Amino acid sequence: MMPSIAQLAMATGFILILIGFYGALTQRNLLRMIVAFTLSGTGVNIVIVAIGYMHGRTAPILDATVNAADAVSRVIDPVPQALVLTAIVIGLGVTALMLAYALKLHEQRRSLDIAKFTELKW
Amino acid sequence: MIKRFIALTLLLAIGGLFASLLLGYTPDSELNQTARYYAERTSPDIGAANIVTAIIVTYRGLDTLGEVTVLFLSAAIVGLVLALGGKSGKTGRGTVPVGELLTTGTRYLAPLIMLLGVYVFVNGHLTPGGGFQGGAILASGVLLLLLADPLKRFSHVLIATIESFAGLLYVLIGLFGLVLAGGFLDNRFLPTGELGALFSAGAIPLIYSLIGLKVGAEFASMLASLSESETS
């Protein structure tokens, strides 16, 4: 059986999450870890959007082809999309914050290697 | 080596969890109750063509206000962290000259990008898009300006003024909704108009434009702080 688009998108999202986790766990460079976190965040967003997808339906925007009366049977679930819109924006704020911290740490140690930062190690 | 092994084992476990989720997933064939409510009621109640916008700006408007606040906080912390002890006499020792192509291209493209951003957030209730997307586009115009001239300095006073005025007006419009219509951030104190027209959906275009300005100003201030802290 051919996998549906929703399943393909979900699988892609899960793989992206895993790639992100792998990068965050194994990379030593702070910038690479930030990229990894962003990747897994993107994966989560893709999975959430894929959950809202329904076969044969269209985007939740009312216009000439999707009129208000039969919107219920024509549009996909708008709630995950609203959620992901929020998540993307917050994700961008978090990424900017991580980058600012990385910049500050680099200023202090002249290095981005996570192994050089041992204050909180036990 | 052992660390990598532990990481891979952990990933394998999480991957197994994901696989069982994926294999057990059956897509809905009907909208669930919440989504059905939004799909049915958006057009008669809110008058917005874009249901996602109606959810974000009106139904869950309070959450969006919180979200904008979170964004403001993160922009403020970026500014704070980068400003701490930053001025230790390190002046830029001259940047690599930017190419002619980028300079000329920026002069041509930056106003168009800004215009597109404004278009996206003004039409947020009709088209896919809205305040957050439009704000991000505005900020990408700022980023292009910074790329073309890394030493360019934006006025933080101006950015902060735009940002706080947009935030203040956003809350004020919310209070108008509380007094004149059904509740906080209710958009119906202005006429909902005809579905699909630019001036429709009550206060949604107004609120989303303010969100767009606020988000754009916040992202721009983050970019400006990051670029100003560049020491080399």
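Residues numbered from 1 in each chain as written. Chains lettered and ligands numbered in written order. Predicted model: local features only at pLDDT ≥ 70, side-chain atom pairs only at ≥ 80, totals over all residues. Heavy atoms only, no water.

A. The overall build of chain B, seen in detail. Broken down by element type, chain B carries 8 helices and 0 strands. For chain B, the sequential pattern of α-helices and β-strands runs α-α-α-α-α-α-α-α. Sorting the 232 residues of chain B into buried and exposed places 42% on the buried side. Within chain B, residue pairs in contact and separated by at least 24 positions form 70% of the contacts whose partners lie at least 6 positions apart. Split by element, the accessible area of chain B, about 12400 Å² in all, is 71% carbon and sulfur. Of the charged side chains in chain B, 13 are positive and 14 negative; the average position of the first set lies 12 Å away from that of the second. (Helix = DSSP H or I, 4+ residues; strand = E, 2+ residues; numbered from the N terminus. Buried < 20%, exposed > 50% of the residue type's maximum accessible area, 1.4 Å probe, protein only. Contact = heavy atoms within 4.5 Å. Areas by Shrake-Rupley, 256 points an atom, 1.4 Å probe, with all protein chains shown as cover. Lys, Arg positive; Asp, Glu negative; His and termini not counted. Charge placed at Lys NZ, Arg CZ, Asp CG, Glu CD.)

B. Up close: helix α3 (residues 51–59) of chain B. Across the 9 residues of α3 of chain B, 8 count as buried, placing the element largely inside the fold. Among the residues of α3 of chain B, I51, V52, T53, A54, I55, I56, V57 and T58 of chain B are the ones counted as buried. Where α3 of chain B is buried, its residues touch α4 (78–109) of chain A together with α2 (33–46), α4 (61–83), α6 (131–148) and α8 (204–228) of chain B. The N-cap residue of α3 of chain B is N50 of chain B: its side-chain oxygen and the backbone nitrogen of V52 of chain B are 3.0 Å apart. (Polar contact = N/O pair within 3.5 Å; in protein donor to acceptor, adjacent residues only side chain to side chain.)

C. Expanded view of the pattern of salt bridges. All names here are of chain B. Scanning the model with the defined rule gives 6 salt bridges over all chains in all. Close ionic contact of E40 with R36 constitutes a salt bridge, the shortest N to O distance being 3.8 Å. Pair noted here: E40 and R36 are both in helix α2, with a separation of 4 residues, about one helical turn. Owing to a relative accessible area of 30%, R36 belongs among the partly exposed residues under this scheme. The partner of R60 in a salt bridge is D63, with the nearest N and O atoms 3.0 Å apart. We classify R60 as partly exposed; its relative accessible area is 42%. (Salt bridge = Lys/Arg side-chain N within 4 Å of Asp/Glu carboxyl O.)

D. Up close: the nonpolar core. I56, F132, I207 and I211 of chain B are the most contacted members of the largest nonpolar core, which has 47 residues in total. For this core, the element with the highest residue contribution is α8 of chain B, accounting for 8 residues. When neighbours within four sequence positions are excluded, F132 of chain B is seen to be in contact with L85 and V89 of chain A together with I56, T64, E67, V68, Y208, I211 and V215 of chain B. Of all hydrophobic cores here, the second largest spans 9 residues; its members include I17 and V47 of chain A together with I14 and L22 of chain B. (Core = buried A, V, L, I, M, F, W, Y, C linked by side-chain atoms within 4.5 Å.)

E. Spatial organisation of the packing of helix α7 (residues 156–180) of chain B against α8 of chain B. All names here are of chain B. Look at α7 against α8: their axes get within 9 Å of each other, and the N-to-C directions meet at 150°. Overall, the two elements α7 and α8 adopt an arrangement that is roughly antiparallel. Crossing angle aside, the handedness with which α7 passes α8 is left-handed. (Axes fitted to C-alpha atoms, helices over the stretch in contact; angles between N-to-C directions. Parallel < 35°, antiparallel > 145°, perpendicular 65-115°, else oblique. Left-handed = near helix turned anticlockwise from the far one by under 90°.)

F. Structural context of helix α2 (residues 30–52) of chain A. All names here are of chain A. Between the first and last C-alpha of α2 there are 34 Å, a value that for 23 residues agrees with the 33 Å anticipated at 1.5 Å per step. Within α2, burial applies to L30, M33, I34, A36, S40, G43, N45, V47, A50 and G52. Against α1 (5–26) and α4 lie the buried residues of α2. Structurally, the start of α2 carries an N-cap: the backbone nitrogen of L31 is 2.8 Å from a side-chain oxygen of N29. (Expected span 1.5 Å × (residues − 1).)

G. How the structure looks around the interface of chain A and chain B. With 41 residues of chain A at the contact, the number on the chain B side is 53 residues. Each partner contributes to the roughly 4100 Å² buried at the junction of chain A and chain B, and carbon and sulfur atoms together form 77% of this total. The interface formed by chain A and chain B holds 0 salt bridges in total. Remark: the boundary between chain A and chain B carries 4 residue pairs in polar contact (both at pLDDT 80 or more). (Buried area = accessible area lost by both parts, 1.4 Å probe.)

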